[in-house]
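Residue-level listing of the chains:
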Amino acid sequence: MKCMKKYLIIIFAIVITYIGTPLVNAIEFNLDSKNAILYNLDENEVLYEKDSKEKISIASMTKIMTAIVAIEHIDNLDDVITLTWADFNGLVEANASVAWFRYGKKVTYRD
């Protein structure tokens, strides 16, 4: 059985070598999201898109960008901080969601 697997791997490698790498360009995703885009910055090309031209609310994008900026600027996401009144400044007036975060609560940046 091991010998058979070895031969199948060799045959697969030979087929891929002669055919090229068609799997690299064949990107399929099963996304629950209505919209998506996967962009290769190195090659300046769109690799995948799903209704990427549709105008949508930016709320989720804002959350994603906030997470990216935090990850790029915080050395240890497990550092513990205490939430202050300043952290909530303007949120109540804006009727913004603060999830389960409360003044004085100790949380990690990962939270």
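Owing to the predicted nature of the structure, the values given are computational and were not obtained by experimental measurement.

**Concerning the side chain of Asn35**
- Tracing the backbone through its elements, the reader meets Asn35 in the loop between helix 2 (22-25) and strand 1 (36-40).
- Those residues in contact with Asn35 that lie beyond four places of it in its chain are Lys50, Asp51, Glu54 and Ile56.

**A few points about a nonpolar patch on the surface**
- On the surface, Ile58, Met61, Ile64, Met65, Ile68 and Val69 cluster together into a nonpolar patch covering about 560 Å² of accessible area.
- Residue class for Met65 comes out partly exposed when judged on its relative accessible area of 41%.

**What about the pattern of salt bridges?**
- Going through the model one piece at a time under the given rule, you end up with two salt bridges.
- Across the pair Glu54 and Lys34 runs a salt bridge whose closest N-O atoms are separated by 3.8 Å. Of the two residues, Glu54 sits in the loop between strand 2 (45-50) and helix 3 (59-73) while Lys34 sits in the loop between helix 2 and strand 1, which places them 20 residues apart along the sequence.
- We classify Glu54 as partly exposed; its relative accessible area is 39%.

**A short note on the packing of aromatic side chains**
- Tallied over the entire structure, the rule returns two aromatic pairs.
- Aromatic pair Trp85 and Tyr103: ring centres 4.4 Å apart, planes at 20°, arrangement stacked. With Trp85 in the loop between strand 3 (80-82) and strand 4 (106-108) and Tyr103 in the loop between strand 3 and strand 4, this residue pair connects regions lying 18 residues apart in the sequence.
- We classify Trp85 as exposed; its relative accessible area is 62%.
- Note on Trp100 and Phe101: the rings are 4.6 Å apart at their centroids and 25° apart in plane angle, and the pair reads as stacked.
- Classification of Trp100 as partly exposed rests on a relative accessible area of 42%.
- Its relative accessible area of 22% is what places Phe101 among the partly exposed residues.

**Focus on the environment of Thr108**
- For Thr108, the position within the fold is in strand 4.
- Between the alpha carbons of Thr108 and Thr82 there is a distance of 8.6 Å; along the sequence they are 26 residues apart.
- Apart from residues no more than four positions distant in its own chain, Thr108 is found in contact with Leu77, Asp78, Asp79 and Val80.

**Considerations on the pairing of strand 1**
- Alignment of strand 1 against strand 2, held across five bridges, turns out to be antiparallel. Its bridge partner being in strand 2, Tyr39 is matched across the sheet by Val46.
- Between the end of strand 1 and the start of strand 2, which pair antiparallel, lie four residues, with Asn44 showing a positive phi angle near 55°.

**Quick word on unusual backbone geometry**
- Phi is positive for Asp51, close to 50°, though the residue is something other than glycine.
- With respect to the secondary-structure elements, Asp51 resides in the loop between strand 2 and helix 3.
- The exposure class assigned to Asp51 is partly exposed, which follows from its relative accessible area of 48%.
- Look at Ala99: it is not a glycine, yet its phi comes out positive at around 50°.
- Residue position: Ala99 is located in the loop between strand 3 and strand 4.
- On the basis of relative accessibility, which here comes to 48%, the residue Ala99 falls in the partly exposed class.

About the cut-offs
Residues numbered from 1 in each chain as written. Predicted model: local features only at pLDDT ≥ 70, side-chain atom pairs only at ≥ 80, totals over all residues. Heavy atoms only, no water. Helix = DSSP H or I, 4+ residues; strand = E, 2+ residues; numbered from the N terminus. Contact = heavy atoms within 4.5 Å. Patch = residues over 30% accessible without salt bridge, like charges linked within 9 Å, V, L, I, M, F, W, Y side chains within 5 Å. Areas by Shrake-Rupley, 256 points an atom, 1.4 Å probe, with all protein chains shown as cover. Salt bridge = Lys/Arg side-chain N within 4 Å of Asp/Glu carboxyl O. Buried < 20%, exposed > 50% of the residue type's maximum accessible area, 1.4 Å probe, protein only. Phe/Tyr/Trp six-rings, centres within 6.5 Å; stacked < 30°, edge-to-face > 60°. Pairing = 2+ DSSP bridges.

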